[in-house]
Amino acid sequence: MNFTNFGKYLLLLKAVFRKPEKIKIYMKAIFQQMDFVGVGSLGLIAIISTFIGAVMTLQIAFQLVSDFIPKTIIGSVNRDSSILELSPTITAIVLAGKIGSAISSEIGTMRVSEQIDALEIMGINSPGYLILPKLIAGITMVPVLVICSMFLSIGGGFLGGTLSGAVSPSEYIQGITTDFNPYTIVVALVKAFVFGFIITTVPAYEGFYVKGGALEVAQASTRAVVVSCISILACDYIVTQLLL
Amino acid sequence: MIEIKDIEKSFGSNTVLKGISATFQEGVTNLIIGGSGSGKTTLLKCMVGLQTPEKGSVQYDGREFTQMDFEQRIEIRKEIGMLFQGSALFDSMTVEENIMFPLNMFTDQSFKEKQERANFCLQRVNLEGKNKLFPAELSGGMKKRVGIARAIAMNPKYLFCDEPNSGLDPKTSIVIDELIKEITEEYNTTTIVVTHDMNSVMGIGDYILFLHEGKKFWEGSNKEIAHTDIAELNDFVFASRFMKAAKKNF
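These numbers come from a predicted model, not from an experiment.

What counts, and at which threshold
Residues numbered from 1 in each chain as written. Chains lettered and ligands numbered in written order. Predicted model: local features only at pLDDT ≥ 70, side-chain atom pairs only at ≥ 80, totals over all residues. Contact = placed C-beta atoms within 7 Å. Helix = DSSP H or I, 4+ residues; strand = E, 2+ residues; numbered from the N terminus. Nonpolar A, V, L, I, M, F, W, Y, C, P; charged D, E, K, R; others polar. Pairing = 2+ DSSP bridges. Axes fitted to C-alpha atoms, helices over the stretch in contact; angles between N-to-C directions. Expected span 1.5 Å × (residues − 1). Buried ≥ 20, exposed ≤ 12 C-beta atoms within 10 Å, placed from the backbone.

Q: Looking at this structure, I do not really get the interface of chain B and chain A. What am I missing?
A: Many analyses report the size of an interface as the accessible area lost when the parts associate. Taken together, the contact between chain B and chain A spans 15 residues of the former and 13 residues of the latter. The biggest single contributor to the side of chain B that touches chain A is helix α3 (residues 95–106) of chain B, with four residues. For the side of chain B that touches chain A, a count of residues per class yields 11 nonpolar, two polar and two charged.

Structural data, given as structure tokens:
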């Protein structure tokens, strides 16, 4: 995103936060989007998180072969990695692909088929009507999904570790319950909030300013996912630097 | 009444509209005609605020539109209905929901009242009973009629139609034209239709503004259009073999 695009992005965000025409209509749209972003993505996030947790446990066990390191450390490392980095970031990147491309192509198609013009002619603030419900769904449901992902990733680690024999159930549970710092949850939720904002607004921006036809909508969708992923990784670094 | 004065619009170094002025009266069908790339759709978009002209003014019954901010424009836009070239119906909503959408946004009517209004609008465009269909289930002509029904849902004072006949067969085109004319006369709206369809010009053109290369070349009625000595206008009007053959009857 160059500076012109970033400026346009900020101006679009300003328009998004104009006073809604009718709260009731917006509330309905917000719940629909929460269902789409949250409930609609839960299965995918559950599968990915469980497997990542399981693989993480096996890899940590593989690397910690020394007799001087207690096996409980496998649970601790898996817990902290899942909470601080893997759950928020992997969830966000997966959602950027799933939700981001859907948002970009939906709004882009509305643009090229003049549906956004129709909204504006009616006197409706189209950025607010189209983007605000998605944004609110993103910043509320992505943290929820990240919390689910944390539990499932740690649970997946338990399954992977115990089924393979890399760690015993008691050692793993002792590991995940020892020296737990609740502040890591705060850091993860701040990340999830920021990522939820990016996942919804960047694709919305790409779709909103599409010009042309089907090809341009597809290109905008691809660009939305790429820019979202890079923004997520950059913000991940910044938030980690600021909070830890 | 809508009055435009000295409208100029450019895209980069390409000047699309070169100082266009005109007055569009209520209760009559006003047509903006011209060949492809003559600037008629750009003029329409400047009039409704989808594009901003570099120069000139647009006045809705004396209210200066081009200088208004977003909030002020909302009041005028509530009085505007527009039929888009591709109908621009909301894909995710049924026909009824499309028509009720502006009512949901800007009125406090009960659901029953809104539904009655939607039924009335559908009846007006001869689409009774199609309430629960989605736009994807409609033909091109039906989509245009739903577009008109949505445009009149809020009882607009100003009705804009961008190429209402594009992609339609001649018979359906006449139905749409007649519907636009009937609605204009019935509700005394200021109706502006952008078209290059000569059937529409001869059928409903009470006032016609002819644009050529971004300039206003001629204005008059459909009774006068066949009797001018402006070469560019004659080239446009009598471009088809049918119109050439019919010329001797005018």
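That was the structure; now back to the text.
Q: Help me out: how do you make sense of the sheet that holds strand β4 (residues 55–60) of chain B in this one?
A: Pairing between the strands of a sheet comes from backbone hydrogen bonds, and it takes one of two forms, parallel or antiparallel. Residue and element names in this part refer to chain B. Reading across from one edge, β2-β1-β4-β5 is the order of the four strands in this open sheet, with antiparallel pairing throughout. On the outer flanks of this sheet lie β2 (14–24) and β5 (63–64), each paired with one strand and no other. As paired elements, β4 and β5 share two bridges and run antiparallel to each other. By the bridge assignment for β5, Gln59 is matched with Glu64. Sheet strands in contact with helix α1 (residues 40–48) are β1 (2–11), β2 and β4, and its direction is about 115° off that of β1.

Q: Hey, could you run me through helix α1 (residues 3–16) of chain A in this one?
A: One turn of an α-helix holds 3.6 residues; hence residues three or four places apart share an orientation. Under the 1.5 Å per step criterion, the end-to-end length of α1 of chain A is 20 Å for 14 residues, consistent within 8% with the ideal 20 Å. Burial of α1 of chain A is sparse: only one of the 14 residues sit out of reach of the surface.

Q: How do you make sense of unusual backbone geometry when you look at a structure like this?
A: Excluding glycine, a negative phi dihedral is what most residues carry, and trans is how most peptide bonds are arranged. Residues other than glycine seldom take positive phi values, yet Glu114 of chain A does so here, at roughly 65°. Mapped onto the secondary structure, Glu114 of chain A falls in the loop between α3 (72–112) and α4 (115–121).

Q: For this particular structure, what's the right way to read the sheet that holds strand β10 (residues 215–220) of chain B?
A: Residues and elements named next belong to chain B. Spatially, β6-β7-β8-β3-β9-β10 is the arrangement adopted by the six strands of the open sheet, whose pairing is mixed. Each edge of the sheet is formed by a strand with only one pairing partner; in this case those strands are β6 (80–83) and β10. Strand after strand, the sheet turns through a mean of 15° between neighbouring axes, direction not considered. As paired strands, strand β9 (residues 207–212) and β10 are joined by five bridges and run antiparallel to one another. Each residue of the ladder has a partner; that of Phe210, found in β10, is Trp218.

Interpretation note: all reported values are geometric properties and have no functional meaning in isolation.
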